[in-house]
Amino acid sequence: KKVGDPVRSILETFVSPQKSITSVDESEVGTGSSCNPKNVHAFRKRLQSFLVASWLGKPLSLSPPVCAAHGWTNASREVLRCESCSAKLSASSLPPMWEREAYHESCQLLVSSLQTAHTKLCLWKDSTCPDTFLRLATRTPRETLSLVRSECEYLCEADGNLPAVDLSSLSDENVLFEDQLQTLLSGCSRSDILPALFKSALVLSLTGWRFKEEAAMRGCVLVCRYCS
């Protein structure tokens, strides 16, 4: 099977040869302005202001990450406050959830207010954080790197029994991928793994394939970790 851009895009999320895996792109961090939608650290700080006791039982459309992505902090019980313009937004008048129609309409109005309730000159009125900020990472880049490296080493135990993978779309004029491959290889516990074998194992791992059995050499049957 042939692979290309999807594999490279996955790989670039946790290893890049140009910088440390713990570094963060300046375009994602921003400059620290009180209204900088691309500042991930400011987004996380707003998110930390939300407490279970003061923002409970809201639909996903009013979840803490969504509110924080529009510049809001949780100032007090059922009250949001914009970190830039200090506008306040109250959810205390929401009808009880069992009044479904009224509750739904009120929630929709509150969702719209996440953008419209800012003061006239507030930059958050026309801005929001990238959708990627709402996808909370369960692992750090370093942890992901270690996990992928371990899975690749495990797949490499099958040696010549791994399925054939067409790597032409990754090797032709793709120096970046080769550098990332070397970064992964350099931390392996085994020193006898051939780069070509590791590359095949890497592609299989990043596209969701794993051994069906616990023992790598027991038939070498691979299954998708997501759909089996």
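Residues numbered from 1 in each chain as written. Predicted model: local features only at pLDDT ≥ 70, side-chain atom pairs only at ≥ 80, totals over all residues. Heavy atoms only, no water.

## Description of the nonpolar core
Keep this limit in mind: We define a nonpolar core as any set of buried Ala, Val, Leu, Ile, Met, Phe, Trp, Tyr and Cys residues linked to one another through side-chain atoms lying within 4.5 Å. Using a 1.4 Å probe on the protein chains alone, a residue whose accessible area is under 20% of its type maximum counts as buried, one over 50% counts as exposed, and one in between counts as partly exposed. For helices the rule is a DSSP run of H or I covering at least 4 residues; for strands it is a run of E covering at least 2, with both sets numbered from the N terminus onward.
By size, the foremost hydrophobic cluster in this structure holds 26 residues, and its most contacted members are Phe43, Cys67, Trp72, Leu80 and Leu114. When contributions to this core are tallied by element, the ones reaching two or more residues are α3 (40–48), α4 (64–69), β2 (79–82) and α5 (100–116).

## Remarks on the environment of Cys67
Quick reminder of the rule: Any two residues whose heavy atoms approach within 4.5 Å are treated as being in contact.
By the element assignment, Cys67 lies in helix α4. Considering only alpha carbons, one finds Cys67 and Gln115, 48 residues apart in sequence, at a separation of 9.5 Å. Dropping the residues within four chain positions of it, Cys67 is found in contact with Phe50, Trp55, Leu62, Trp72, Leu80 and Leu114.

## Details of the packing of helix α6 (residues 141–156) against helix α9 (residues 195–206)
Operational definition: Every axis corresponds to a line fitted to the C-alpha atoms, with the helix fit spanning only the stretch in contact, and the corresponding angles, defined between N-to-C directions, vary from 0 to 180 degrees. Orientation categories follow fixed angle ranges, with anything under 35 degrees roughly parallel, anything over 145 roughly antiparallel, 65 to 115 roughly perpendicular, and all other angles oblique. Left-handed describes a crossing whose near helix is turned anticlockwise from the far helix through less than a right angle; right-handed describes the clockwise counterpart. Think of it as three bins: nonpolar holds Ala, Val, Leu, Ile, Met, Phe, Trp, Tyr, Cys and Pro, charged holds Asp, Glu, Lys and Arg, and polar takes everything else, Gly as well.
At a minimum axis distance of 8 Å, the contact between α6 and α9 shows a crossing angle of 120 degrees. With respect to α9, the axis of α6 lies oblique. Note that α6 runs across α9; the crossing there is right-handed. Facing Val148, Glu151, Cys152, Leu155 and Cys156 of α6, the residues of α9 in contact are Leu197, Phe198, Ala201, Leu202, Leu204, Ser205 and Leu206. Taken together, the residues of the contact of α6 with α9 sort by class into ten nonpolar, one polar and one charged.

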